[in-house]
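Residue strings, one per chain:
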Amino acid sequence: MATDKENSDIIRVMLWSVPRSVSTSFLKCMTNVPNSQAWYEPYWMAFWFSNYGKHRSGMVSRLQDAWEAKGDHCDTASFASEISGGYFAGDKSYSWIKDQLECIPPDNKKIVFCKDISAGLEGMHEYIPDNFRHSFLIRHPFKVFESWERMTNHGIEDELKRVKISEQPNFILPSGLFFKEQYELYQHVKEHYEPNPVIIDTDDLLANPGRVLKAYYQAVGIPYSDELLHWKPGRECMDQQWMVAKELILAQTLSNPHAETFASSCFGKPTKVPNRDELSDDIRHCSDVCMEYYEAMYANRLQI
């Protein structure tokens, strides 16, 4: 297997994020960079679906329930195998992901860009790929958990049946509520890979996408153009262009968690940070637990 040691001119960048941070829009933007290969959350998909991960049984069961709730009866693995794009995450190990990211990309691609959820590597930092620049996308906990609560309870109108964030099973919500895992990965990257990884705050990005992206791309060595600020609406990027798990394509088909993102053609405008009094006790509690990690990284964010 040929690796980057033999092709040092290949630019490789990881973008580590928390969920609900506009990271999928970021990847849609990145897809327009010429001569690039884009990866969608391979470690997080392993965390959820791989036979080598900790939580496969819970997530596969959840997908099966969602499928049957639509009135169909189908083995989700069989369905995933019929999807033309992507790879089957069920039999892919963490070492396979690391090896693939370190490979020479197909078709003489000169840029490899991977966005992932930091919690996907919880306690397994030895699988961080070599020869990558590392960067982080952060977002205010109030906004993250407000959005996460809506997404994970999508379609449940009965308030009594809605599941609190703090009561969600660990195959959905990691023990550090995403922010602790991101901060620990950030500290590990600083110690072992690069002392000052680039950090972007989502609100900064949305408030001024052109200036923030230009500074970010220059920092990680990717060519920038204003043409990247607009993209084609739809799922074609996920279905045909990204390196993405078939299980994720199936989940998107069933519950459409990124409907707004895939319908978009550019970054949206930032919303105001919710007033603390407007939030539920559950969201306030989760945010309080995570705020120190967010604020520590926010203090070191890219500022324009």
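Our subject in this report is the structure included herewith. Treat the numbers as computed from the prediction; the structure is a model and nothing was measured.

**Describing the overall build of the chain**
Here is step 1 of the chain: Looking only at helices and strands, the chain has 13 helices and 5 strands in total.
Here is step 2 of the chain: Per-residue burial for the chain yields a buried fraction of 53% across its 304 residues.
Here is step 3 of the chain: Surface exposure of the chain reaches about 14000 Å², of which carbon and sulfur atoms provide 47%.

**Re the side chain of Ser 135**
Here is step 1 of the chain: Within the secondary structure layout, Ser 135 lies in strand S4 (residues 133-138).
Here is step 2 of the chain: A distance of 2.8 Å separates a polar side-chain atom of Ser 135 from the backbone oxygen of Met 14.
Here is step 3 of the chain: Among all residues touching Ser 135, those that are not within four sequence positions of it are Val 13, Met 14, Leu 15, Trp 16, Val 198 and Tyr 216.

**Here we look at the side chain of Asp 203**
Here is step 1 of the chain: If you trace the backbone, Asp 203 turns up in helix H8 (residues 202-207).
Here is step 2 of the chain: A distance of 2.9 Å separates a polar atom in the side chain of Asp 203 from a polar atom in the side chain of Lys 143.
Here is step 3 of the chain: When near neighbours in sequence (up to four residues on either side) are disregarded, Asp 203 contacts Lys 143, Pro 270, Thr 271 and Val 273.

**Some thoughts on the pattern of salt bridges**
Here is step 1 of the chain: The final tally for this structure, using the stated rule, is 13 salt bridges.
Here is step 2 of the chain: The partner of Asp 288 in a salt bridge is Arg 276, with the nearest N and O atoms 2.7 Å apart. Taken as a pair, Asp 288 in helix H13 (residues 281-298) and Arg 276 in the loop between helix H12 (259-263) and H13 lie far apart in primary sequence, 12 residues in all.
Here is step 3 of the chain: The partly exposed category is assigned to Asp 288, whose relative accessible area is 41%.
Here is step 4 of the chain: A residue is classified by how much of its surface remains accessible, and Arg 276, at 35% relative accessible area, is partly exposed.
Here is step 5 of the chain: Residue Asp 281 pairs with Arg 284 through a salt bridge whose shortest N-O separation is 2.1 Å. With Asp 281 and Arg 284 both in helix H13 and 3 residues apart, this pair spans about one turn of that helix.

**Observations concerning the pairing of strand S5 (residues 198-201)**
Along a regular strand, successive side chains alternate from one face of the sheet to the other.
Here is step 1 of the chain: Covered by surrounding structure in S5 are Val 198 and Ile 200 together with Ile 199 and Asp 201, the residues of both alternating faces.
Here is step 2 of the chain: In the sheet, S4 pairs with S5 via 4 bridges, with the strands oriented parallel. Counterpart to Ser 135 in the pairing with S5 is Val 198.

**Considerations on the nonpolar core**
Here is step 1 of the chain: By size, the foremost hydrophobic cluster in this structure holds 84 residues, and its most contacted members are Phe 26, Phe 113, Tyr 216, Tyr 217, Ile 222 and Trp 242.
Here is step 2 of the chain: Setting aside its immediate chain neighbours within four residues, Phe 113 contacts Val 13, Leu 15, Phe 26, Leu 27, Met 30, Gln 37, Ala 38, Trp 39, Tyr 216 and Ile 222.

Rules of the game
Residues numbered from 1 in each chain as written. Predicted model: local features only at pLDDT ≥ 70, side-chain atom pairs only at ≥ 80, totals over all residues. Heavy atoms only, no water. Helix = DSSP H or I, 4+ residues; strand = E, 2+ residues; numbered from the N terminus. Buried < 20%, exposed > 50% of the residue type's maximum accessible area, 1.4 Å probe, protein only. Areas by Shrake-Rupley, 256 points an atom, 1.4 Å probe, with all protein chains shown as cover. Polar contact = N/O pair within 3.5 Å; in protein donor to acceptor, adjacent residues only side chain to side chain. Contact = heavy atoms within 4.5 Å. Salt bridge = Lys/Arg side-chain N within 4 Å of Asp/Glu carboxyl O. Pairing = 2+ DSSP bridges. Core = buried A, V, L, I, M, F, W, Y, C linked by side-chain atoms within 4.5 Å.

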